[in-house]
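Residues per chain are reported as follows:
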Amino acid sequence: MKGMKKISMLALITTLGLHAVQDFTSTSRCVLYVEQQKIPNIGFAKQQIYAYMKEGFYNDDMRCIAQEIKAYLNTFDPVKAPYAIVFDIDETLLSNWPYNKQNDFAYHHDKIIEWERSAQAPAIKAIKEVYDLAREKGFTLFLISGRRCFLQEKTIENLHKVGIEGWKEVICRPDDLQDVSRVPFKSGARRAIEKQGYIIIANIGDQESDLAGGYALKAFKLPNPMYYIP
Ligand SMILES: [Mg+2]
């Protein structure tokens, strides 16, 4: 009957190793907006994300993309042209999973600043391997981050701590820049790099706003189910 919805997520839940919910059939005939629009249940979404992060699926996804990027980079010879690669920082080279786990994904501006100032973010291993390969091969490396410039020193301390070295420049977001979207800042920074004569062969980041706006031959989108930056 129309409007009667069979809810069966048992298989998915079992796969993810989450708490099982009961199968049931709703007696309501209402066509619900929440279901039409597929608005997720936040409790269930969080459980899925915890499972995704903790049970190795996130790392598997990262490793898969890292393999693709490595294969792509191996088709370029940095001796032949001024090839550059752009990396984002958060959820690309550094992981904020410890903060998100501790705060149950809540956005607390002051706590995030405190966390970033602590310079304790671990490296994302698969992408650090891409970075190390790119460095070893002699590509010019740029890091473009949405982190404000007042955090730059601590961010660089954090990068050193996890063994990320040898970049040409770490470009931070000016403290007074009022922006809704990161796209003008990030694409503008890439344009400035290309104006210096570099060819950006790969741009790697976890947000669409890291990658939109051009000035790179290829863009590689990494997974991030934890937050969205326009
Ligand atoms: Mg990021």
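Residues numbered from 1 in each chain as written. Predicted model: local features only at pLDDT ≥ 70, side-chain atom pairs only at ≥ 80, totals over all residues. Heavy atoms only, no water.

Another point: the pattern of salt bridges. Tallying each qualifying case throughout the model produces 11 salt bridges. A salt bridge links Glu 116 to Arg 147, with the nearest nitrogen and oxygen atoms 3.6 Å apart. Residue Glu 116 is found in helix α6 (residues 109-117), and its partner Arg 147 is found in strand β4 (residues 140-148); the two are separated by 31 residues along the sequence. The class for Arg 147 is buried, based on a relative accessible area of 5%. Connected via shared salt-bridge partners are Lys 70, Lys 125 and Glu 129. (Salt bridge = Lys/Arg side-chain N within 4 Å of Asp/Glu carboxyl O. Helix = DSSP H or I, 4+ residues; strand = E, 2+ residues; numbered from the N terminus. Buried < 20%, exposed > 50% of the residue type's maximum accessible area, 1.4 Å probe, protein only.)

Before going further, it helps to spend a moment on a nonpolar patch on the surface. The grouping of Leu 32, Tyr 33, Val 34 and Ile 39 at the surface amounts to a nonpolar patch, some 370 Å² of accessible area in total. One can find Val 34 in helix α2 (residues 33-36). Judged by relative accessible area, which is 38%, Val 34 ranks as partly exposed. (Patch = residues over 30% accessible without salt bridge, like charges linked within 9 Å, V, L, I, M, F, W, Y side chains within 5 Å. Areas by Shrake-Rupley, 256 points an atom, 1.4 Å probe, with all protein chains shown as cover.)

It is worth spelling out helix α9 (residues 183-195) at this point. At 3.6 residues per turn, the α-helix brings residues three or four places apart onto the same side. Across its 13 residues, α9 extends 18 Å between first and last C-alpha, which sits within 8% of the 18 Å expected from 1.5 Å per residue. Where α9 is concerned, the buried positions are Phe 185, Lys 186, Ser 187, Gly 188, Ala 189, Arg 190 and Ile 193. Summarising the contacts, the buried residues of α9 are in contact with β3 (83-87), β4, β5 (169-173), β6 (199-205) and α10 (208-211). Just downstream of α9 lies Gly 197, where phi reads positive at about 110°. (Expected span 1.5 Å × (residues − 1). Contact = heavy atoms within 4.5 Å.)

This part covers the environment of Ala 202. Summarising the element assignment, Ala 202 is placed in strand β6. Among the residues examined, Ala 202 registers a relative accessible area of 0% and is labelled buried. Spatially, the C-alpha atoms of Ala 202 and Tyr 72 are 8.8 Å apart, while their sequence positions differ by 130 residues. Non-local contacts of Ala 202, meaning those with residues more than four positions away in its chain, are made with Tyr 72, Leu 73, Ala 84, Ile 85, Val 86, Lys 218 and Phe 220.

A separate point is the state of the cysteines. Enumeration according to the criterion identifies 1 disulfide in this entry. One disulfide in the model links Cys 149 with Cys 172; its S-S distance is 2.0 Å. With the S-S dihedral at roughly 100°, the linkage between Cys 149 and Cys 172 falls on the right-handed side. Of this pair, Cys 149 sits in the loop between β4 and α8 (152-161) while Cys 172 is found in strand β5, placing the two residues 23 residues apart along the sequence. The buried category is assigned to Cys 172, whose relative accessible area is 12%. (Disulfide = S-S within 2.5 Å.)

With 91% of its residues at a pLDDT of 70 or more, the protein chain has an overall mean of 93. Confidence drops under a pLDDT of 50 for residues 1-12, and excluding neighbours within four residues, the segment shows 25 contacts in the predicted structure. (pLDDT = per-residue confidence, 0-100.)

What follows is about unusual backbone geometry. Note: most residues except glycine have negative phi, and most peptide bonds are trans. Of note, Phe 105 is a non-glycine position whose phi angle comes to about 70°, a positive value. Its place among the elements puts Phe 105 in the loop between α5 (97-102) and α6. Even without glycine at this site, Ala 119 takes up a positive phi of about 55°. Residue placement: Ala 119 occurs in the loop between α6 and α7 (125-137).

Attention now moves to the sheet that holds β3. Pairing is parallel in the open sheet, where 5 strands are placed in the order β5-β4-β3-β6-β7. Each of the sheet's edge strands pairs with one partner strand only, and the pair in question is β5 and β7 (218-221). Neighbour to neighbour, the strand axes of the sheet diverge by 20° on average, direction disregarded. With 4 bridges joining them, β3 and β4 adopt parallel strand pairing. (Pairing = 2+ DSSP bridges. Axes fitted to C-alpha atoms, helices over the stretch in contact; angles between N-to-C directions.)

On to the packing of helix α3 (residues 42-54) against helix α4 (residues 57-73), then. Between α3 and α4, the shortest axis-to-axis distance is 4 Å and the interhelical angle comes to 60°. When the axes of α3 and α4 are compared, the pair comes out oblique. In contact with Ala 51, Tyr 52 and Met 53 of α3, α4 contributes Phe 57, Tyr 58 and Asp 61. Here the contact of α3 with α4 is composed, by residue class, of 5 nonpolar, no polar and 1 charged. (Parallel < 35°, antiparallel > 145°, perpendicular 65-115°, else oblique. Nonpolar A, V, L, I, M, F, W, Y, C, P; charged D, E, K, R; others polar.)

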